[in-house]
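Breakdown of the fold
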Amino acid sequence: MKLLLRLVISTLAVLVAANLVPGVVVASTGTAIIVAIVLGILNTFLKPVLQILALPITILTLGLFYFVVNVFIIYLASSLIDGFSVNGFIPALLFGLVVSVVSAILGMFLD
């Protein structure tokens, strides 16, 4: 049940971010659900590997390269999903930030 609530929260966060950030297009609610699932899978399995590989660069940039890893994950999701597109680095960065903030705010009500 909690997993389903997390999926709903992530879907709502994707929809809010797509409406707030220019340059990000989510075609439908069904696409937003798929985006939430794919982002969850990529963040679970691929992101830790990328963070470890990018650790030296992340240390040199005082943690700013972590944002590049997030943008890469979002670009990868947009290339995997039809109906989800991101037009540039800044929209992908803002999309990731908005999704994180909205998920955190909505997640506070879950706990």
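The structure contained in this document is the topic of the report that follows. This one's a predicted model, so the numbers in the text were calculated from it and none came from an experiment. (Residues numbered from 1 in each chain as written. Predicted model: local features only at pLDDT ≥ 70, side-chain atom pairs only at ≥ 80, totals over all residues. Heavy atoms only, no water.)

Let's talk about helix α2 (residues 29-45)
Between its terminal C-alpha atoms α2 stretches 24 Å, which fits the 24 Å expected from 17 residues at 1.5 Å a residue. Summarising the contacts, the buried residues of α2 are in contact with α1 (2-20), β1 (24-26), α3 (47-53), α5 (65-80), β2 (84-86) and α6 (89-110). Its side-chain oxygen 3.4 Å from the backbone nitrogen of G30, S28 forms the N-cap of α2. (Helix = DSSP H or I, 4+ residues; strand = E, 2+ residues; numbered from the N terminus. Expected span 1.5 Å × (residues − 1). Contact = heavy atoms within 4.5 Å. Polar contact = N/O pair within 3.5 Å; in protein donor to acceptor, adjacent residues only side chain to side chain.)

Structural notes on the packing of α5 against α6
One can describe the packing of α5 onto α6 by two numbers: an axis separation of 9 Å at closest approach and a directional angle of 95 degrees. It follows that α5 is roughly perpendicular to α6 by the angle criterion. On the side of α5, the interface is formed by F67, V68, V71, I74 and Y75, while α6 contributes F89, A92, L93, F95, G96 and L97. When its residues are assigned to classes, the contact of α5 with α6 shows ten nonpolar, one polar and no charged. (Axes fitted to C-alpha atoms, helices over the stretch in contact; angles between N-to-C directions. Parallel < 35°, antiparallel > 145°, perpendicular 65-115°, else oblique. Nonpolar A, V, L, I, M, F, W, Y, C, P; charged D, E, K, R; others polar.)

Let's talk about the environment of L55
Structurally, L55 can be placed in helix α4 (residues 55-60). C-alpha separation for the pair L55 and Y66, spaced eleven residues apart in sequence, amounts to 8.8 Å.

Comments concerning the side chain of S103
By the element assignment, S103 lies in helix α6. Among residues more than four places away in sequence, those in contact with S103 are I9, S10 and A13.

Treat this as a map of the structure, not an account of what it does.
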